[in-house]
Structure formats: structure tokens, C-alpha cells
Amino acid sequence: MASKFETSFGARLRKFQDAVQYIQQWPVYAPEREEISIANLTALIQNIQKANEKETQMQAQHSAAVATRSGLFNDGPYSVEKLLAPLKAAVTLKYGRLSSQAAEVAAIIRSYRTTQLIKLPADPADPEKQKTISQSQRSYGSRTQFFADIVTTLGGFNGYSSSNPELTVNSLQQKLQAINTANDSVAASLQKVAAMRQDRLQQYQQMATCATLMKDYAASQYGNRSPQYKSLTALGLLR
């Protein structure tokens, strides 16, 4: 389902398209301002349509990157969250419940678990959500670091091994690498969505400027009580 934000953008573009179709039916439409010529207005609509499609694609890529990262941390069958208890048990089994190794790993796991993951907002380009985005990225960064500490610590233990292939140092290192890649992918997609949204916003602002000029042309050519002027207003484009 499209967000209210996207629905609003789509509605504004539809009204603008209707207005451009309408002015082409006027007895005279020959504005002196080149930016509101039929050719330029048509090109603007096409550019906005392309921007909408590109933003949708980038949003989908971002959502996929977020899902991949979530799977590595929480949701996947071998996510970090699901490996912590087996890891703790493996170290306890190998070195003893009262060993320094067990205590060291348990302490890092506690730190990992007390770091609350903050969900990214649905619209990563919303300026009002920048604080939440920053907090979310830091929370994932903190958990990544704690997991890296676990992997490094296990690698430094004398004789650590496990019959569970998911708990070997090599497997854990590969998971850490995948997590770092996923973090980078989410960060990159966040930046792309924000940049695309800003570019699209500028085009919508240009559309709003053109709408005002179209109103001014209708008033100058036909008068502000004319059917042409009133019809543009009725479309809701100029409110």
C-alpha cells in the first residue's frame, strides 16, 4: 500500500496533468513565459514521472537492504540473536561454567542484548525522522561492534572449537563480514533515497511555480472570473 506521502505526491501530479490537458483546449494559450509552454510543461510532467519511478525503485532497494540486515541480526534461522545462547553454552561446555572465558563471553553478550535496536522509519527521507535514523544506525553499529568483540574474543581463546558449524570462528567471521556489508548497504540506500527525494521535491516545487504562472496567464488572458481561471482553481491545483 502506498504511503500517505506518496499518495499526496501522486495526487498533486494528477491535478497538474489535468490542468495541462485543460489549458490545451483554450481558444488561446500562448504564454510569454517559456517555462509554461505546452512543450515545457509536458517535459516537466515526464521528468516528474521518471523521478517518481526512480524513487519507488530506490525505496524498494532500501527496504530490501533493511530486510537483509534484519535477517542477519534477528529474523534469520542463524541470526546473531539466535546464536548467542548456543555460543554461550559452547564456551561454558569447553572451559567450564566458572571459567574466565565463560565470564568474558557472557559479559559481551549482555552488552549486546542491552543495546536496543531502533527500527528505521518507513520514510527514510523524511527530515523529521533524521534523529530516529541516526539513533537506529548507532544502535545497529553498537550491536555490530559487540558481535565483533565476541568473534575476536573467541578467536583468541586457546583451543576454542565447536561441532556446530555455525559456531566456528570462521563461520562467525563470515557472518560478521555479511553484517558489515549489510550495514554499508543500508547506509548507502538511505543516502540515495534522501538525495532522490530532494531532487524530486525540487521538481514538484517547479511544478507549483508553473501552476502559479498558469493562473496568472489565465487571469491576464481571460480574467479572474473567467471559466478558464475558475476551472484551474476547481482542480485544486492553485489552492
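Thresholds applied
- Residues numbered from 1 in each chain as written.
- Predicted model: local features only at pLDDT ≥ 70, side-chain atom pairs only at ≥ 80, totals over all residues.
- Heavy atoms only, no water.
- Helix = DSSP H or I, 4+ residues; strand = E, 2+ residues; numbered from the N terminus.
- Rg over C-alpha atoms; globule rule 2.2 N^0.38 Å.
- Buried < 20%, exposed > 50% of the residue type's maximum accessible area, 1.4 Å probe, protein only.
- Phe/Tyr/Trp six-rings, centres within 6.5 Å; stacked < 30°, edge-to-face > 60°.
- Axes fitted to C-alpha atoms, helices over the stretch in contact; angles between N-to-C directions.
- Parallel < 35°, antiparallel > 145°, perpendicular 65-115°, else oblique.
- Left-handed = near helix turned anticlockwise from the far one by under 90°.
- Expected span 1.5 Å × (residues − 1).
- Salt bridge = Lys/Arg side-chain N within 4 Å of Asp/Glu carboxyl O.
- Core = buried A, V, L, I, M, F, W, Y, C linked by side-chain atoms within 4.5 Å.
- Contact = heavy atoms within 4.5 Å.
- Nonpolar A, V, L, I, M, F, W, Y, C, P; charged D, E, K, R; others polar.

Draft legend 1. Just the overall build of the chain, in detail. The helix and strand tally for the chain stands at seven helices and zero strands. Listing the helices and strands of the chain from first to last along the sequence gives α-α-α-α-α-α-α. Relative to the globule expectation of 18 Å for 239 residues, the C-alpha radius of gyration of the chain, 28 Å, shows a markedly less compact shape. With the C-alpha coordinates of the chain rotated into their principal frame, the extents come out at 90 × 25 × 25 Å. In the chain, which comprises 239 residues, the share counted as buried stands at 39%.

Draft legend 2. Region of interest: the packing of aromatic side chains. By the definition in use, this model includes seven aromatic pairs. Both rings, one in tryptophan 26 and one in tyrosine 217, keep their centres 6.4 Å apart while their planes meet at 5 degrees; by these two values the pair is stacked. Here tryptophan 26, found in the loop between helix 1 (4–23) and helix 2 (38–75), pairs with tyrosine 217, found in helix 6 (residues 169–222); they are 191 residues apart in sequence, far enough to count as distant. A relative accessible area of 7% means that tryptophan 26 is categorised as buried. Relative to tyrosine 222, the ring of tryptophan 26 lies with its centre 5.5 Å away and its plane at 75 degrees, an arrangement referred to as edge-to-face.

Draft legend 3. The arrangement of the packing of helix 2 against helix 6 in detail. With their axes 8 Å apart at the nearest point, helix 2 and helix 6 run at an angle of 160 degrees to one another. Put simply, helix 2 runs roughly antiparallel to helix 6. For helix 2 against helix 6, the interelement crossing comes out left-handed.

Draft legend 4. Seen up close, helix 6. With 54 residues, helix 6 extends 78 Å from end C-alpha to end C-alpha; this agrees with the ideal 80 Å at 1.5 Å per step. Of the residues trailing helix 6, glycine 223 is marked for its positive phi of about 95 degrees.

Draft legend 5. Up close: the pattern of salt bridges. Scanning the entire structure with this criterion turns up five salt bridges. Notably, a salt bridge pairs arginine 197 with glutamate 55, separated by 2.3 Å at the nearest N-O pair. A residue pair is termed long-range when its members are at least 10 positions apart, and arginine 197 in helix 6 and glutamate 55 in helix 2 qualify at 142 residues. In terms of burial, arginine 197 and glutamate 55 fall into one category: buried. One salt-bridge network, in which partners are shared between bridges, spans Glu81, Arg113 and Arg143.

Draft legend 6. Molecular detail of the nonpolar core. Counting 28 residues, the largest nonpolar core has Val91, Phe147, Leu154 and Tyr160 as the members making the most contacts within it. Going through the elements one at a time, helix 2, helix 3 (80–95), helix 4 (100–114), helix 5 (130–156) and helix 6 are the ones with two or more residues in this core. Top contributing element to this core by residue count: helix 3, with seven residues. For phenylalanine 147, the residues in contact, after removing those within four places along its chain, are Val80, Tyr112, Leu172, Lys175, Leu176 and Ile179.

Draft legend 7. Structural detail: the packing of helix 2 against helix 5. Contact geometry for helix 2 and helix 5: axes closest at 12 Å, N-to-C directions at 50 degrees. Here helix 2 lies oblique to helix 5, going by the angle between them. Crossing hand, helix 2 versus helix 5: left-handed. Judged by residue contacts, Arg69, Phe73 and Asn74 of helix 2 engage Ser136, Gln137, Tyr140, Arg143 and Thr144 from helix 5. Taken together, the residues of the contact of helix 2 with helix 5 break down into two nonpolar, four polar and two charged.

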